[in-house]
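# Structural characterization, general
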Amino acid sequence: MRFLFFLLLCTQITYSQNQLQAVLLDSTTKAPIEFADVYNHYNYTTSNADGSFMFTSSGDSVFIKYLGYKPIRTTFNELQNKKIIFLAEETVVLDAVVLTGKNDIYSQLAKSIENNYPFFPYEERFTLRAFLKKNDTVLKLQDLTGKLKRKQLFATQKHPMPRKNYEVELLNMRKAGLKEENVEFMLGDFTKILNWFILHAPLENDKYDVKSGAINDTVDMVEFTVKDSIVNAIHSNNSGYLKINSDNKAILENHLVIRRDSVDYEKSGPYKYRTTHMEVNAFYEKATNRKYFLKNAKVEVLVAVVNIKTAKKDIYNCTYIITTHDNFKNLNTQKNASVKKDIFRLKYPYNPDFWEKQNQLLLTNEMLDFLSTVNAKDNEYRAISNLK
């Protein structure tokens, strides 16, 4: 009997779980930090747009890391009563760079792409979120998880993007939306969305003003802005930054902003529309096979829609977020979803047990409010949902 008691006691200790739920903020600006890694040897999660995260693990150690910020190494015990955790940004001084076309930073990046990134088929698990707002009011929310097979990550002159680059096996879905009567905003298909996540600034050294500097001993930063002289010619004002491994020149973070305020409207029936803003923020990490993969990414798109007859203008804001894990593993992906169909029109049953336990993409307060009211009887639009 004593032996049995000892065995049960050991089992309880071995499988006891530590849990931490908190918010990550910039120590200077107090702004929330999205996509920060919270992990230890056993488990991993990431912070959402509110900076909030929930981390559960059988281990006691906690590591918090975000590129360009000083990392935190601590324990569940030390963070037990903390609801807000501040991260301090590492300082960087940027200097103007003269681009020569041979050995400048863009040329080094272009040369390093085929060495650092996979140009061969591989698989990974993913969580994808799509979030649509119209004039700051939520219209659609969708989360999908599953397996993803890619033929390659990037496209180059030597390796153009394959026509059928993706295969998707859906494993879980939750979606809720309000259907408008006269117009429907399509969320996009897997192929378009996945290509947006890996959209980089063109590496053309004659079109950008560039500044660079070192964040620390291992990471450099490059800021780029389209030259004023060519903004009107391309109808776009692009800017952003790259955080780069200072040794092998691999891109660790890509932030690209495309502003198209002067682009012409396109017509669709009684409406005209134009995409005025697109922002991409993507993070890459090195795997054990020495190739980098897309770990987290976010794309935000603003579209102006005008009723030609009434001149009423609406602004649609669509956000896409992806997180990946189990990259380069043999997952035996079995395609069961079209990669050319609007993701909101895909069908898959809702599994409440899965969504209550998953912590890769926590719902923000705004999303929680939307889900609680989407089926209210006084809604202006008809509700569409698989949450049953």
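A few points on the structure. (Residues numbered from 1 in each chain as written. Predicted model: local features only at pLDDT ≥ 70, side-chain atom pairs only at ≥ 80, totals over all residues. Heavy atoms only, no water.)

Now for the sheet that holds strand β7 (residues 84–87). Taken together, three strands build an open sheet; the order of strands is β4-β1-β7 and the sheet is mixed. Only two strands of the sheet have a single partner each, and these edge strands are β4 (52–57) and β7. Neighbour-to-neighbour, the strand axes of this sheet turn through a mean angle of 40°, independent of strand direction. Taken together, the six bridges between strand β1 (residues 18–26) and β4 define a ladder with antiparallel strand orientation. Paired with Q19 across the strands is T56, a residue of β4. (Pairing = 2+ DSSP bridges. Helix = DSSP H or I, 4+ residues; strand = E, 2+ residues; numbered from the N terminus. Axes fitted to C-alpha atoms, helices over the stretch in contact; angles between N-to-C directions.)

Regular strands show a simple pattern: their side chains alternate between the two faces of the sheet. Alignment of β1 against β7, held across four bridges, turns out to be parallel. Paired with D26 across the two strands is L87, which belongs to β7.

We now examine a positive patch on the surface. There is a patch of like positive charges on the surface, built from K151, R163, K164, K192, K335 and K340. As for its placement among the helices and strands, K192 is situated in helix α3 (residues 190–197). Residue classification places K192 among the partly exposed residues on the basis of a relative accessible area of 47%. (Patch = residues over 30% accessible without salt bridge, like charges linked within 9 Å, V, L, I, M, F, W, Y side chains within 5 Å. Areas by Shrake-Rupley, 256 points an atom, 1.4 Å probe, with all protein chains shown as cover. Salt bridge = Lys/Arg side-chain N within 4 Å of Asp/Glu carboxyl O. Lys, Arg positive; Asp, Glu negative; His and termini not counted. Charge placed at Lys NZ, Arg CZ, Asp CG, Glu CD. Buried < 20%, exposed > 50% of the residue type's maximum accessible area, 1.4 Å probe, protein only.)

To continue, consider the pattern of salt bridges. Within the structure shown, the criterion is met by 14 salt bridges. Note that D220 and K249 form a salt bridge whose closest N and O atoms lie 4.0 Å from each other. Of the two residues, D220 sits in strand β13 (residues 219–226) while K249 sits in the loop between β14 (237–245) and β15 (251–259), which places them 29 residues apart along the sequence. On the basis of relative accessibility, which here comes to 18%, the residue K249 falls in the buried class. The network of salt bridges with common partners includes D37, E285 and K295.

For residues that are not glycine, phi is negative in most cases, and the peptide bond is trans in most cases. Phi is positive for N135, which is not a glycine, with a value near 50°. Judged by its relative accessible area of 38%, N135 falls in the partly exposed class.

With that settled, the discussion passes to the pairing of strand β12 (residues 208–214). In this sheet, β13 lies alongside β12 in antiparallel orientation, the contact comprising seven bridges. When the sheet's bridge partners are listed, D209 is paired in β13 with T225. From the end of β12 to the start of β13, which pair antiparallel, there are four residues.

Turning our eyes to something else, we now look at the sheet that holds strand β5 (residues 61–65). Strand order in this open sheet of four strands is β3-β2-β5-β6, and the pairing throughout is antiparallel. Looking at which strands have only one partner, the edges of the open sheet turn out to be β3 (44–46) and β6 (72–75). Neighbour to neighbour, the strand axes of the sheet diverge by 20° on average, direction disregarded.

In this section: α3. Listed as buried for α3 are F190, T191, I193, L194 and F197. Each buried residue of α3 sits inside an arc of 170° when the element is viewed along its axis, so together they form one side. Buried residues along α3 sit against β9 (122–134), β10 (137–150), β11 (166–179), β17 (271–286), β18 (292–307) and β19 (313–325). By the N-cap criterion, in which a side-chain oxygen at the helix start approaches the backbone nitrogen of a residue two or three places on, α3 is capped by D189, the distance to T191 being 3.1 Å. (Arc of directions from axis to C-beta. Contact = heavy atoms within 4.5 Å. Polar contact = N/O pair within 3.5 Å; in protein donor to acceptor, adjacent residues only side chain to side chain.)

Here we come to the side chain of E90. As for its placement among the helices and strands, E90 is situated in the loop between β7 and β8 (95–97). K70 provides the closest opposite charge to the buried, unpaired E90, separated from it by 6.7 Å. Among the polar contacts made by the side chain of E90, one reaches the side chain of N216 at a distance of 3.1 Å. Residue contacts for E90: discarding those within four places in its chain leaves G68, Y69, K70, I215 and N216.

Attention shifts here to the environment of D228. You can see D228 is positioned in helix α4 (residues 228–234). Sequence separation between D228 and D209 is 19 residues; the distance between their C-alpha atoms is 9.1 Å.

This part is about the layout of surface pockets. As a volume, the largest pocket reaches approximately 710 Å³. Every residue lining the largest pocket is counted, 28 residues in all, and those nearest its centre are F185, M186, Y273, T275 and V303. Mapped by element, the contributors of at least two residues to the lining of the largest pocket are α3, β16 (266–268), β17, β18 and β19. Of the residues forming the lining of the largest pocket, the biggest block, five residues, is contributed by β17. Residue composition of the lining of the largest pocket, by class: 15 nonpolar, three polar and 10 charged. (1 Å grid on protein atoms, 1.4 Å probe; cavity = no way out; pocket = protein on both sides within 12 Å on 5 of 7 lines; lining within 4 Å. Points joined across faces, edges and corners; volume = space filled by probe spheres on them. Nonpolar A, V, L, I, M, F, W, Y, C, P; charged D, E, K, R; others polar.)

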